[in-house]
Amino acid sequence: MSFARRLPSLLFLTVLLGLFAVPAAAESGRLKLVATTGMITDALRQVGGEQVEVQGLMGEGVDPHLYRQTRRDVTAMTRADAVFWNGLYLEAQLEEFLDRLGQRKPVFAVGEAVPEKARRADEVYPDQSDPHVWMDPGRWRYAVLAIRDALSELAPEHAEAFARQADAYLEELEAQDAYAREVLASVPEEARVLVTAHDAFGYFGEAYGFEVLGIQGFSTESEAGLARIESMVNVLVERGIGAIFIESSVSDRNIRALIEGAAAKGHEVRIGGELFSDAMGARGTYEGTWLGMIDHNVTVIAQALGGEVPEGGRLRRLAWAGGTP
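Numbering of residues starts from 1 in each chain and follows the order in which that chain's sequence is written. In keeping with the predicted nature of the model, local features appear solely for residues at pLDDT of at least 70, side-chain atom pairs appear and are counted solely at 80 or more, and the whole-chain, interface and lining totals rest on all residues. To obtain the side-chain values, all non-hydrogen atoms of the structure were used and water was disregarded.

- Under an unreviewed UniProt entry, the name given to the chain is Zinc ABC transporter substrate-binding protein, and the source organism is Halomonas flagellata.
- Per its UniProt entry, the chain bears the Sequence similarities (unreviewed entry) comment "Belongs to the bacterial solute-binding protein 9 family."
- According to the UniProt record, the Subcellular location (unreviewed entry) comment for the chain is "Cell envelope". UniProt positions are given in the numbering used here, feature names are shortened, and annotations may be inferred rather than shown by experiment.

## What about the layout of surface pockets?
Step number 1: Considering only enclosed or pocket space, the second largest pocket measures out at about 350 Å³ in volume.
Step number 2: A cavity here means a set of points on a 1 Å grid, drawn over the protein atoms and nothing else, where a 1.4 Å probe fits but cannot get out; a pocket is an open set with protein on both sides within 12 Å along at least five of seven lines, and a residue lines either one if it has an atom within 4 Å of a point. Taken together, 22 residues line the second largest pocket, and the ones lying closest to its centre are Thr-41, Arg-45, Met-280, Arg-283 and Gly-288.
Step number 3: Secondary structure elements are defined from DSSP: runs of H or I of at least 4 residues count as helices, runs of E of at least 2 residues count as strands, and each element is numbered from the N terminus. Looking at the lining of the second largest pocket element by element, the count peaks at five residues for helix α3 (residues 38-48). Grid points are joined across faces, edges and corners, and a volume is the space filled by probe spheres set on the points.

## Observations regarding the sheet that holds strand β4 (residues 107-109)
Step number 1: The sheet built from four strands is open, its strands ordered β2-β1-β3-β4 with parallel pairing. The open sheet has two edge strands with one neighbour each: β2 (52-56) and β4. Geometrically, the sheet is characterised by an average inter-axis angle of 20 degrees between neighbouring strands, direction not taken into account.
Step number 2: Paired strands, as defined in this entry, are two strands with at least two bridges between them according to DSSP. Note: strand β1 (residues 31-35) against β2, five bridges, orientation parallel. The residue of β2 that forms the bridge with Ala-35 is Gly-56.
Step number 3: Sheet contacts for α3: β1, β2 and β3 (82-85); angle to β2, the most-contacted strand, approximately 175 degrees. Here an angle of 0 to 180 degrees is reported between the N-to-C directions of two axes, which are lines fitted to C-alpha atoms, with helices fitted over the stretch in contact. By definition, residues are in contact when any of their heavy atoms lie within 4.5 Å.

Below, the structure written as structure tokens:
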């Protein structure tokens, strides 16, 4: 099955014209980079440090599965020194554009740095991998290393700085992973079931021993049918699951349908909190970083499912500090 999208000829002409722009790095002395998702934007800033300028295309609450490039995005990407994206069919609507752009300038799909043997396969399309690799620090590490290597290739004179900054960032990943393991271990084993709007937390579940049930699959492009909703309602009722989670970048319509369906069968289900799945929090906030995003998710999940969590999360910086988020 082909997932390719055809570009309007006018848009592609715009791309070609943009390729003749003056190289951005020559103007500022720093690499000018564009990243698709917030998670990649944050990693580039952490690893690149003062040697890079990074523009992120997708902000708070944006669903990358459905995102389409704007004319401004096209201009930014064609004038940048390099473009970084997740790949693995996460940015489905951008895929053809980025494939073509990659024939003209450096374009890096950092999610694809995760070895194939470490990726989850789609049950419906076995040749498609789960793109949500940032949900597990152990897998996200591969993307960070790929970013370090790409930046060193683009600006070898700063390779030592990129390596040093990457090492510091990886230490933070390891610290966050250790915190997650400690806090999530406090959740009673029978309560370690994570029900969300779509299947974005599979790597999270594998890393921390949680069963993950998404109403939709890897992508939010496919709608959940009535049969899927009814099946999920039956699971909630039969297993006595009392908390399910909404996502900041996905409509809560299906989650509400589960709650109403369970109530109709005499079983009360509450919203355990809002999680960051495909987008981080607002820029300039702690939750608007990868560390804050994962800290928030771990803390909210553990709290809602009966675990013990410190107020404010690992670094005591979360805007949410307990109770129902």
